[in-house]
Structures are given as structure tokens and as C-alpha cells.
Amino acid sequence: MKIKNICCIGAGYVGGPTMAVIAQKCPEIDITVVDINEKRIAAWNDENVDNIPIYEPGLSEIVEEARDRNLFFSTDIDAAIDKADMIFISVNTPTKTYGIGKGMAADLKYIELCARQIARVAKDDKIVVEKSTLPVRTAQALKDILDNTGNGVNYQILSNPEFLAEGTAVDDLMDPDRVLIGGDIDTSEGEEAVQALVDIYAHWVPEDRILTTNVWSSELSKLTANAFLAQRVSSINAMSELCEKTGADVNEVSIAVGMDSRIGSKFLKSSVGFGGSCFQKDILNLVYIAKSFGLNEVADYWEQVIIMNDHQKKRFASNIVKTLYNTVSGKKIAFLGWAFKKDTNDTRESAAIYVADYLLNEQAEIVIYDPKVRAEQIYADLDYLNTRTEEENRKQVKVVNSAYEACEEAHAVALLTEWDEFKELDWKKIYESMLKPAFLFDGRRLLERKTKEKIGFEFYAIGS
Ligand SMILES: NC(=O)C1=CN([C@@H]2O[C@H](COP(=O)(O)OP(=O)(O)OC[C@H]3O[C@@H](n4cnc5c(N)ncnc54)[C@H](O)[C@@H]3O)[C@@H](O)[C@H]2O)C=CC1
Ligand SMILES: O=C(O)[C@H]1O[C@H](OP(=O)(O)OP(=O)(O)OC[C@H]2O[C@@H](n3ccc(=O)[nH]c3=O)[C@H](O)[C@@H]2O)[C@H](O)[C@@H](O)[C@@H]1O
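Parameters and conventions
Residues numbered from 1 in each chain as written. Chains lettered and ligands numbered in written order. Predicted model: local features only at pLDDT ≥ 70, side-chain atom pairs only at ≥ 80, totals over all residues. Heavy atoms only, no water. Axes fitted to C-alpha atoms, helices over the stretch in contact; angles between N-to-C directions. Helix = DSSP H or I, 4+ residues; strand = E, 2+ residues; numbered from the N terminus. Parallel < 35°, antiparallel > 145°, perpendicular 65-115°, else oblique. Left-handed = near helix turned anticlockwise from the far one by under 90°. Contact = heavy atoms within 4.5 Å. Near = heavy atom within 4 Å. Polar contact = N/O pair within 3.5 Å; in protein donor to acceptor, adjacent residues only side chain to side chain. Areas by Shrake-Rupley, 256 points an atom, 1.4 Å probe, with all protein chains shown as cover. Nonpolar A, V, L, I, M, F, W, Y, C, P; charged D, E, K, R; others polar. Domains from an automatic or database assignment. Buried area = accessible area lost by both parts, 1.4 Å probe. Salt bridge = Lys/Arg side-chain N within 4 Å of Asp/Glu carboxyl O. Buried < 20%, exposed > 50% of the residue type's maximum accessible area, 1.4 Å probe, protein only. Pairing = 2+ DSSP bridges.

A. Fine view of the packing of helix α1 (residues 15–25) against helix α3 (residues 59–66). Contact pair α1 / α3: the axes reach a minimum separation of 9 Å and the direction vectors enclose 50°. The angle between the axes of α1 and α3 places the two elements in the oblique class. Along this stretch, α1 crosses α3, giving a crossing that reads as left-handed. Residue-level contacts link Pro17, Ala20, Val21, Ala23 and Gln24 of α1 to Leu59, Ile62, Val63, Glu65 and Ala66 of α3.

Spelled out as C-alpha cells, the structure:
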């Protein structure tokens, strides 16, 4: 079966870049990415390609090449569904904030709305692809909704989880470690649907890296991969606290441990804590699923990854207060970085938000600089926590356009995101503009201790 038209529901961090790359690699397929968010679609269509809503190195060039050739962004969801042979669902699946499973389970209302819309609109057979990260067995629920419309349309449901990381989305999509496709491989229709998706990826991914499994293995592998990755960060962060007490250095420990080929060197960088839209939500979801099967030990095991991460963020913030003579009330703290990692404008669950909230509770004044995050986003992140009024957040927090401006007359600088440009700053100039003693807290192990101490900073870095 040859796919001619694809519709992707959800023009976010996954839907946008993923479809842009498929469009570039498969010029014979027409791809329409749709969303209910009109502003987002307008931004994807912005004449100036630098204004597309998601910042990812290399993405704007690809969008520029494929847009209006075989890549389209639209709010006309019905039309795109009607035309498509294959429909990707790439909508958000946040943690539930209400009802049963509140604070843990994945909220599947957006997924269900998509399924109902497809069921209402579709007139001919469709392959529906789960691109969003979903609890294991969600495909069954999708199938129930789609099959019960009684309009004679046949659906094949595939699971094709996305493993891209933000900041490297384009590279990850161009050269993935693996592409995972789960389908109903016991039937010939299922096999045919799986093959249709394999054929798309095979335009640029070597076939030995395209893995096909049953649907449940595919759904569960995505949650497992994120849990394992986050667990590595929590594991090294747990060691960072022990390093600080013993004179060991977490970077040295990480290199020594990572050289064991059974352990591997990647994802062992100690930090102020992992952020991002997915690690926490996906682990909470895993914990919820385990509990719902009565697997309490399994649930507790994975929950500890989150507990450790919360501890790391809190410990970084409380260390700032302790070091600044047990009070930051009325003191100016400069924040370098707000995004949850470098090379992205995404701030979801960024450690910086929680460190700021802690310090604001201690009545600090915070001045923030991030090269890619806008002031409205920073205020929205703080307001979302509901810890204080919007007016108070605006009074206590300022957002500025340069690192130097942020640090001027600050009592302390906290480095929260590992942007490369922070390494190149004129740290002597920063030191001179600060109040003394000038404290520098490196939450990312980005800066070299020796040179900063030589300048005169009181220097603290995670894990040393
Ligand atoms: N952000 C990431 O790096 C990764 C995310 N994922 C998963 O991919 C999924 C999507 O994540 P993101 O792209 O980050 O989310 P996002 O929030 O950036 O984008 C989702 C989009 O779906 C739209 N949407 C929601 N309901 C809709 C509906 N009924 N009809 C049309 N549009 C609708 C929203 O308006 C939004 O623009 C999630 O399940 C996430 O766990 C997987 C791998 C990486
Ligand atoms: O499902 C998802 O959303 C994605 O989640 C992560 O990608 P992402 O969150 O974009 O970014 P990561 O590079 O994984 O970083 C996550 C957080 O962990 C932190 N981190 C990462 C690695 C490390 O060694 N130390 C560390 O503190 C980062 O600073 C960041 O805050 C996974 O890496 C992707 O494979 C997955 O597709």
C-alpha cells in the first residue's frame, strides 16, 4: 500500500518537526499538519520562517524547503482527515489535574477527541498512528471508539512512539537510533499497515534500525525508555550530593563509571534536576499503571526517580539561601537560563521554575536572562504554580535581554541552563558589576571552577 496523503493532528514539538522531516524526505507524499490552536498554525505559516513557533537547530531550513510544496499547516482538521490515508495523532497527553488518577495518570481527553473526530469524518479506510506517548493498551480504546461508529470504515491502529529530544530534534529525526512501529502483526491487514509506515521511514532510515513489534510492546517501550533515561539522571544526581560531602567530584565519577561499556557514558551529567514535558509525566503515568495492576513495589521503585529529582531542585535552591547567610530576602539573584535544557525555547517543567519559586518564597528578587525564552513565558510559568499573585510575580521577577544586565549588582548568580554562550561570557566584567562577596552557583557544571575562583567568585557547582 502506497501512502499519498498524511494528516498529523497536533502541530507541537513532535508533530511539527516530525512531519517536516517526513515531508522533506518523501516529496511524493502530501502532509497536512493540523491543530486547534490558530495562533500556532499561523506561526507555522509565517512568511518569515524564523518565526515558526518552535526553535530547533536546522528546523526552519527544512520547513522553508517543504512548506507549500508538500507540507501544509492548517486549522481545517476535518478536511485533512478526510483526505488522508494515514493519520498521525500527535496531541499532548499531560498528567491529569482532576478526578481519578489526578497528578499521576495521563489525561487522554485530547486523544479521545481526535479519535471521535476521525470516526465522525472518515469515509474511507484509514491507518491511525499513535505518535503521542500513551499508556500501554490505549490502542484498544482508540479501536473501540473508531470501530463503533458503524459507518463501515476499517481502521488499523499503529503505535509509532517518538524518541526525539528537544534541542536535537532534527538530528534525532534524520539519524534515529531506531524507529519503533507496533501493529497488529498477526493479521495481513495489520502487517500491510505496518509495512506502509516502514516504507515511509525507509526513505532515509536503514531498515535494520526500523523495529516492528506488537502494539503493546511498542506503547510500553516508550514509557520504559523515558523511565530509564530519567533514572540515569536521578542516579548520578544522587551521587552528586554524596560527592559534595566526601570530596569526590561527580564529573570524575561519571567518566569513570561511564567508561564501563556495560553502563555507557551518555546521560550521566549531573544537574540541578531534569525538566522537560515528558520525563516526569511519563514516569508518573508508569507509576499509575503499575499501581492500577496492584504492582506496588514496581510503582515505588520508579516513583523514587521523581522523588530524587524534586530533592535535587530543592537542594540547589536551599543551598543558595544557606550560603547567602541564611537569607535572600530583598537580595538580587541573577538567573542565567530558564529553558529546561540548551538549544530549545521550551520551559515545561524546567528546574529553573521550581528553583525560582523556592527563592521567591524566601522573598528574593530574581532577574532572569535566557537567550530564547520570552518574558511572557517566564511569567506564565510562575503564575501557573499559583504560589503567589500575578502582581507579586511581576514585582519580584524581572526579565532582561542580556546576561550582563541580569548580573549587575546581584548578590548571586545561578546558572540554570547550559547555554553555550554562558561559557563565553566576560566573567571578570560580571564579577566587577556584582555585590561582594560575589556568589556563583553552577547548576549545570558548565563553568570551570579554577578560573572563576581566580577572578574572585565564591563558586559552588553541583557535585563537587
Ligand atoms: N516534546 C517532546 O520532545 C516529545 C513529546 N512526545 C510526546 O508527543 C506528544 C505531543 O507532545 P508535544 O508535541 O510536546 O505537545 P505540544 O503541546 O507541543 O503539542 C500538542 C498540540 O496538539 C494540539 N491539540 C490538542 N488537542 C487537539 C485536537 N483535538 N485537535 C487538534 N489539535 C489538538 C495542541 O493545540 C498542541 O498544539 C505527547 O504525548 C508527548 O508525550 C514524545 C517525544 C518527544
Ligand atoms: O519523550 C520525550 O519527550 C523525550 O524526552 C527526552 O527528551 P527531552 O526531554 O527533550 O530532553 P533530554 O535531553 O532527555 O533532557 C531531559 C532533561 O534531563 C536533563 N539531563 C539530561 C541528561 C543528563 O545527563 N543530565 C541531565 O540533567 C536535561 O538537562 C533536561 O532537563 C528523551 O531524551 C527523548 O528520547 C524523548 O523522546
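B. Molecular detail of the site of ligand 2. Near ligand 2, the surroundings consist of 20 residues, among which Phe163, Leu164, Ser271, Cys278 and Arg444 are the closest. For ligand 2, an oxygen atom lies 2.8 Å from a polar atom in the side chain of lysine 341. Taking 700 Å² as the accessible area of ligand 2 by itself, protein coverage stands at 89%. Take the shell around ligand 2: its biggest share by element is four residues, from helix α9 (residues 215–246). For the shell around ligand 2, a count of residues per class yields eleven nonpolar, three polar and six charged. Built from parts of two domains, the shell around ligand 2 gets at least three residues from each of domain 1 (5–213) and domain 2 (217–464).

C. Focus on the domain arrangement of the protein chain. Domain boundaries in the protein chain define domain 1 (5–213) and domain 2 (217–464). Relative to domain 2, the C-alpha centre of domain 1 lies at a distance of 32 Å. At the interface, 35 residues of domain 1 touch 28 residues of domain 2. In this assembly, domain 1 packs against domain 2 so that about 2,300 Å² is buried in total across both faces, 57% of it on carbon and sulfur atoms. Our enumeration of links across domain 1 and domain 2 arrives at one salt bridge. Elements with a minimum of two residues in the side of domain 1 that touches domain 2: α6 (138–147) and β7 (179–183).

D. Fine view of the environment of tyrosine 431. For tyrosine 431, the position within the fold is in helix α17 (residues 427–433). Tyrosine 431 sits in the buried class, given a relative accessible area of 19%. As for tyrosine 431 and glutamate 303, which are separated by 128 residues in sequence, their C-alpha atoms are 41 Å apart. Excluding residues within four positions of it along the chain, tyrosine 431 makes contact with Lys436, Ala438, Ile455, Gly456 and Phe457.

E. Looking closely at unusual backbone geometry. Between lysine 436 and proline 437 the backbone carries a cis peptide bond, its omega angle lying at -5°. Structurally, proline 437 is set in the loop between α17 and β13 (439–442). Even without being a glycine, phenylalanine 267 presents a positive backbone phi close to 60°. Positionally, phenylalanine 267 belongs in the loop between α10 (250–258) and α11 (279–292). Even without being a glycine, glutamate 349 presents a positive backbone phi close to 55°. In this structure, glutamate 349 sits in the loop between β9 (332–336) and α13 (351–361).

F. Expanded view of the sheet that holds strand β11 (residues 397–399). Taken in spatial order, the six strands make up an open sheet running β11-β10-β9-β12-β13-β14, and their pairing is parallel. Strands at the two margins of the open sheet, each flanked by one partner only, are β11 and β14 (458–461). In this sheet, neighbouring strand axes are inclined to one another by 20° on average, regardless of whether the strands run parallel or antiparallel. Strand direction decides the pairing type here: strand β10 (residues 365–369) and β11, joined by three bridges, are parallel. Bridge assignment links valine 367 to a residue of β11, and that residue is lysine 398.

G. Main features of the packing of α9 against α10. Interaxial distance between α9 and α10 falls to 9 Å at its minimum, and their mutual angle equals 135°. For the element pair α9 / α10, the angle class is oblique. In the packing of α9 onto α10, the handedness of the crossing is right-handed. Where α9 abuts α10, its residues Ile236, Met239, Ser240 and Cys243 lie against Val250, Val253 and Ser254. Among the residues making up the contact of α9 with α10, the classes are represented as five nonpolar, two polar and no charged.

H. Quick peek at the site of ligand 1. Contacts to ligand 1 come from 26 residues, most closely from Asp35, Arg40, Thr93, Glu166 and Lys281. For ligand 1, an oxygen atom lies 2.9 Å from a polar atom in the backbone of valine 14. Within the side chain of aspartate 35, an N or O atom sits 2.6 Å from an oxygen atom of ligand 1. Contact with the protein chains covers 92% of the free accessible surface of ligand 1, which is 830 Å².

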